[in-house]
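# Working through the structure, step by step
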Amino acid sequence: MSTAIPTVVIVGRPNVGKSTLFNRITGQRRAIVGDEPGITRDRIVGPAHYDGRPFEVIDTGGIVVHDHEYIPAQILRQAEVALQTASHIIFLVDGRAEITGADRDLAQMLKRLGKPVSLAVNKADTGAHRDLAHEFYTLGVADVFPISAEHSIGVDALLEHVTAPFPKEIEAPREAPGIKVSIIGRPNVGKSTLLNALTGQERAIVSPIAGTTRDAVDESVMRGGTEFIFIDTAGIRRKGKTTLMAEKLSVVMARRHIRMAHVVLLVLDATEGVVGLDTTIAGYAHEGGRALILCVNKWDEIKGQGGQKKREFEQQVRDTFKFLDYAPVVFLSAKNGDGVDKLFSLIQQVYQAASLRITTGELNRFVENLHFEERRIFYITQSAIRPPEFIVFTDKGPALHFSHERYLTNQIRKQFGFLGTPILLKTRAKGRRK
């Protein structure tokens, strides 16, 4: 995200409604919301506007200042990174609960930052709760706003105060949209480590605990004049293994971000080989028509990493993912950074291939040289990109047999490329020409 516009950071202890407020301000369901405390862990960024003033909102994980367990400590570290760049901080507390020691500790920490802070007393959706909001002045924050993020009560007054110093939007020339890249895979294969390696910063919490990432975490990087927006999604688990509500929602959100991406990086664990769940996850990307790169991570942990070993592993991948014969395979170590840099150019290649449009004239010349015995093909035209979709006009129906469709797809690839992207074919019977 750009740093040219002001940033508003929402902080508070777990389960006070930060993600609900984030979604309310941004106007989208970007963060996962649920009754379980501690659902948000990484920091989530989203664009917002109020009264013509653009700004960014950052939703942080629930902070408990003196909790030294691994995940809470990493959440605090992520929040501190966001607070350093904050233009304004919204300190959110639960208006239906008494002030806790965690609230007081966090208030003291925020005051030491010397940044503008507003105290939002959430869940004040009745007159009685709004009347109790004055008790929260004891936290030492001068600007207190009773709100209900769920019902949008008091949010306008809060935003009017928060955004008052922000500049009005100035019409600027639109920049070319970046390439959206989703990082997907099973839990604990190294997705967050890869995000950190690609962005050059500790953007996502990395731990040996499977399922640490729950929300989708995104970060943009400029490389060679191109913007890459990387999205680290939650690890997708097999059905029946997702018992917690947060994890079930993570799977739904991960699949949503696959659909929204231009390019998908499927991360495989070299130490475990290809497993059945990898095939299921690859199917999500393939069915969504996304350009795809297969990233074999942790290759530094494989003994005898020579060319023969790579060829054997790639053959295993090809045998398992027969439907992904178009996807390039990259061997890397996200932890050491080996092989990560080459991903940028490869992402551009598969994105450009998925965006490639072939003229009808070129396709007609291609048809003339095509030896196709199953039926007569009059002509082919391209109807869409990302993924490339072609309409094949033939002398009879129904749709092409799978083997014939595969042959035609392979011939199109051989002639025009389309590295890393699925190709869709639709058949229409035109009838014989007189």
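The written sequence of each chain sets the order in which its residues are numbered from 1. Totals for whole chains, interfaces and linings use all residues, but because this is a predicted model, local features are given only for residues with pLDDT of at least 70 and pairs of side-chain atoms are given and counted only at 80 or more. Note that the side-chain values use all heavy atoms of the structure and ignore hydrogens as well as water.

### Thoughts on the packing of helix α11 (residues 360-368) against helix α12 (residues 402-416)
Running from amino to carboxyl end, α11 crosses α12 at an angle of 120°, the nearest separation of the two axes being 12 Å. Crossing of α11 against α12: the hand is right-handed. Contact with α11, carried on its side by Glu362, Leu363 and Phe366, involves Leu408, Gln411, Ile412, Gln415 and Phe416 of α12 and no other residues of that element. Every axis in this analysis is a line fitted to C-alpha atoms, fitted for helices over the stretch in contact. Angles between the N-to-C directions lie between 0 and 180 degrees. Strands here are runs of E lasting at least two residues and helices are runs of H or I lasting at least four, both read from the DSSP assignment and numbered beginning at the N terminus. Two helices that cross are described as forming a left-handed crossing if the nearer one is turned anticlockwise from the farther one by less than a right angle, and a right-handed crossing if clockwise. In what follows, residue pairs with any heavy atoms lying within 4.5 Å of each other are defined as contacts.

### Some thoughts on the pattern of salt bridges
We define a salt bridge as a side-chain nitrogen of Lys or Arg found within 4 Å of a carboxyl oxygen belonging to Asp or Glu. With the rule as written, the count across this model stands at 11 salt bridges. In this structure, Asp51 and Arg53 form a salt bridge, with 3.2 Å as the shortest nitrogen-oxygen distance. Residue Asp51 is classed as partly exposed on the basis of its relative accessible area, which comes to 48%. By relative accessible area, Arg53 is classed as buried at 16%. It is possible to trace a salt-bridge network through shared partners that takes in Asp51, Arg53 and Lys168. Exposed residues in this analysis have more than 50% of their type's maximum accessible area, buried residues have under 20%, and partly exposed residues fall in between, with area computed by a 1.4 Å probe over protein chains only.

### Some points on the side chain of Asp59
You can see Asp59 is positioned in strand β3 (residues 53-59). For the purpose of counting charges, residues Lys and Arg are taken to be positive, whereas Asp and Glu are taken to be negative. His and the chain ends are not included. Despite its burial, Asp59 remains without a salt bridge, the nearest opposite charge being carried by Lys18 at 5.7 Å. A distance of 2.8 Å separates a polar atom in the side chain of Asp59 from a polar atom in the side chain of Ser19. Throughout this description, a polar contact denotes any pair of N or O atoms lying within 3.5 Å of each other; where both atoms belong to protein, one of them has to be capable of donating a hydrogen while the other can accept it, and for residues adjacent in sequence the pair is counted only when both atoms sit in side chains.

### Description of the environment of Ile281
Mapped onto the fold, Ile281 is located in helix α8 (residues 276-287). Sequence spacing of Ile281 and Leu266 is 15 residues, and the spatial spacing of their C-alpha atoms is 8.1 Å.

### So, the pairing of strand β4 (residues 88-94)
Burial within β4 is extensive, with 7 of its 7 residues counted as buried. Alternating positions in β4 separate into two faces, His88, Ile90, Leu92 and Asp94 on one and Ile89, Phe91 and Val93 on the other, with burial throughout. In terms of strand pairing, strand β1 (residues 7-11) meets β4 through 4 bridges, oriented parallel. In the sheet register, Ile10 faces β4, and the bridge partner there is Ile90. For two strands to pair, DSSP has to find at least two bridges joining them.

### Observations concerning the nonpolar core
Counting residues in hydrophobic clusters, the biggest one holds 27 residues, and the most contacted among them are Leu194, Leu265, Ile293, Leu343 and Ile347. The contacts of Leu194, once residues within four sequence positions are left out, are Ile183, Leu265, Val267, Leu332, Ala334, Val340 and Leu343. To qualify as a nonpolar core, a set must consist of buried Ala, Val, Leu, Ile, Met, Phe, Trp, Tyr and Cys residues joined through side-chain atoms within 4.5 Å. Among the nonpolar cores identified, the runner-up in size contains 26 residues, and Val264, Leu268, Trp299 and Val329 belong to it.

### Quick look at the sheet that holds strand β14 (residues 389-394)
Reading across the sheet, the 3 strands line up as β13-β14-β15 and stay open at both edges, with mixed pairing between neighbours. In the strand order of this sheet, the two ends are held by β13 (377-384) and β15 (424-429), each with one partner. Between one strand axis and the next, the sheet turns by 25° as a mean value, whatever way the strands run. Looking at chain direction, β14 and β15 are connected through 6 bridges and run parallel. Residue pairing in the sheet places Ile391 in a bridge with Lys426 of β15. Those strands touched by α11 are β13 and β14, and its axis lies near 145° from that of β13. Packed on one face of the sheet, α12 meets β13, β14 and β15 and runs near 120° to β15.

### Quick word on the packing of aromatic side chains
Geometry of aromatic contacts follows a simple scheme: Phe, Tyr and Trp rings, the Trp one being its six-membered ring, pair when their centres are within 6.5 Å, and the pair is stacked under 30 degrees between planes, edge-to-face over 60, tilted otherwise. Considering all chains together, one arrives at 11 aromatic pairs under this definition. For the pair Phe55 and Phe166, a centre-to-centre distance of 6.0 Å together with 50° between the ring planes defines the contact as tilted. You can see Phe55 sitting in strand β3 and its partner Phe166 sitting in the loop between α5 (155-163) and β7 (179-184), a full 111 residues away along the chain. When sorted by exposure, Phe55 lands in the same class as Phe166, which is buried. With centroids separated by 6.1 Å and ring planes inclined at 75°, the aromatic side chains of Phe313 and Phe331 adopt a geometry described as edge-to-face. Separated by 18 residues along the polypeptide, Phe313 in helix α9 (residues 307-320) and Phe331 in strand β12 (residues 329-331) bring together distant segments of the chain. Accessibility classification places Phe313 together with Phe331 in one group, the buried group. Within the aromatic cluster, the residues linked to one another by ring pairs are Phe228, Phe230 and Phe344. Over the ring of Phe344 we find Arg223; its NZ or CZ atom is 4.0 Å from the centre of that ring. A positively charged side chain is recorded as over a ring if its NZ (Lys) or CZ (Arg) lies within 6 Å of the ring centre. The angle to the ring normal must also be within 35 degrees.

### Focus on the side chain of His88
Along the chain, His88 turns up in strand β4. Side chain to side chain, His88 and Ser118 meet in a polar contact 2.7 Å long. When sequence neighbours within four positions are dropped, the list of residues in contact with His88 reads Thr7, Val8, Val9, Pro116, Val117, Ser118, His161, Val162 and Phe166.

What is shown is where atoms sit, not what they do.
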